Amino acid sequence: PDAEPMRERAALSEIEKDIARLERVTARFSDIGSLPRLEVQPVKPVVEAIVTYMRQRLPTQARKITLTSEVPEGLSANLNPELFEWVIENLIKNALDAIESPDGSIAVLARQFEDRIRIDVSDSGKGIDRRDAKHVFKPGYSTKKRGWGLGLSLAKRIVEDYHGGSLDLLVSKPGEGSTFRIEVAVA
């Protein structure tokens, strides 16, 4: 008897989170036309916020997808958290779309390498054929039936133009998965 109201409260809570997130997304995209405010931020809370959000929205019925993250404490970078979260979200959503089997994994791993912070988003999806790899960041390129093919192009612009970093397809093997790497300077 108590389970139904609890489920309703949990669903309402998630809807409120989605509405707040939509408001942040709107604010993000209004930032894209102008120079976004960058502030020294710890990387872990920015990455963990979007990973937690996406983890709660993974398919649970016919599929079992695991989303893990490993971000050490103490990494800081000049970031616009709203835009940077969107980049990670876009990479996770693309990874999720690439997993065609009933189960799979997505991992977000951050590390410091010299004066750079590397954030790798890896999946166990279908991978990208070498012929197509050079096109993934071009506007309009997509393997999906829906969408405009702007996600990776915009993500690359956000990382490179606004954050002074890089976003690249690090490795991809058809049938095994892909890893995208974000690099930004340590603050």
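Look up a bit, the structure's there.
1. Things to note about the sheet that holds strand 6 (residues 166-173)
Right, so step 1: If you walk across this open sheet you meet the five strands as 2-4-5-7-6, and the pairing is mixed. Sheet topology places strand 2 (64-70) and strand 6 at the edges, where each strand pairs with a single neighbour. Averaged over all adjacent pairs, the angle separating strand axes in this sheet is 15°, with direction ignored.
Right, so step 2: Pairing geometry for strand 4 (residues 103-113) and strand 5 (residues 116-123), over eight bridges, is antiparallel. Within strand 5, the position partnered with Phe113 by the bridge is Arg116.
Right, so step 3: Contacting strand 6 and strand 7 (177-185), helix 5 (residues 151-162) crosses the sheet at an angle of about 135° to strand 6.

2. A closer look at the packing of aromatic side chains
Working definition: an aromatic ring pair is given by the centre-to-centre distance plus the angle between the planes.
Right, so step 1: Using the criterion set out here, one finds one aromatic pair in the structure.
Right, so step 2: Between the aromatic rings of Phe137 and Phe180, the centroid separation amounts to 6.0 Å while the plane-to-plane angle is 85°, which identifies the pairing as edge-to-face. Within this pair, whereas Phe137 is found in the loop between helix 4 (130-133) and helix 5, its partner Phe180 is found in strand 7, the two being separated by 43 residues in sequence. Like Phe180, Phe137 is buried.

3. Examining the pairing of strand 5
Right, so step 1: Taking the residues that link successive antiparallel strands as the turn, the strand 4-strand 5 hairpin has two residues, and the phi of Glu114 there is positive, at about 55°.
Right, so step 2: Of the pairings in the sheet, the one linking strand 5 to strand 7 comprises eight bridges and is antiparallel in character. Along strand 7, the bridge assignment pairs Ser122 with Thr179.

4. What about unusual backbone geometry?
Right, so step 1: Although it is not a glycine, Glu114 adopts a positive phi angle of roughly 55°.
Right, so step 2: In this fold, Glu114 is placed in the loop between strand 4 and strand 5.

5. Observations concerning a nonpolar patch on the surface
Right, so step 1: Together, Leu12, Ile15 and Ile19 line one region of the surface with nonpolar side chains, adding up to about 280 Å² of accessible area.
Right, so step 2: Within the element layout of this structure, Ile15 appears in helix 1 (residues 3-32).

Basis of the calculations
Residues numbered from 1 in each chain as written. Predicted model: local features only at pLDDT ≥ 70, side-chain atom pairs only at ≥ 80, totals over all residues. Heavy atoms only, no water. Pairing = 2+ DSSP bridges. Helix = DSSP H or I, 4+ residues; strand = E, 2+ residues; numbered from the N terminus. Axes fitted to C-alpha atoms, helices over the stretch in contact; angles between N-to-C directions. Contact = heavy atoms within 4.5 Å. Phe/Tyr/Trp six-rings, centres within 6.5 Å; stacked < 30°, edge-to-face > 60°. Buried < 20%, exposed > 50% of the residue type's maximum accessible area, 1.4 Å probe, protein only. Patch = residues over 30% accessible without salt bridge, like charges linked within 9 Å, V, L, I, M, F, W, Y side chains within 5 Å. Areas by Shrake-Rupley, 256 points an atom, 1.4 Å probe, with all protein chains shown as cover. Salt bridge = Lys/Arg side-chain N within 4 Å of Asp/Glu carboxyl O.

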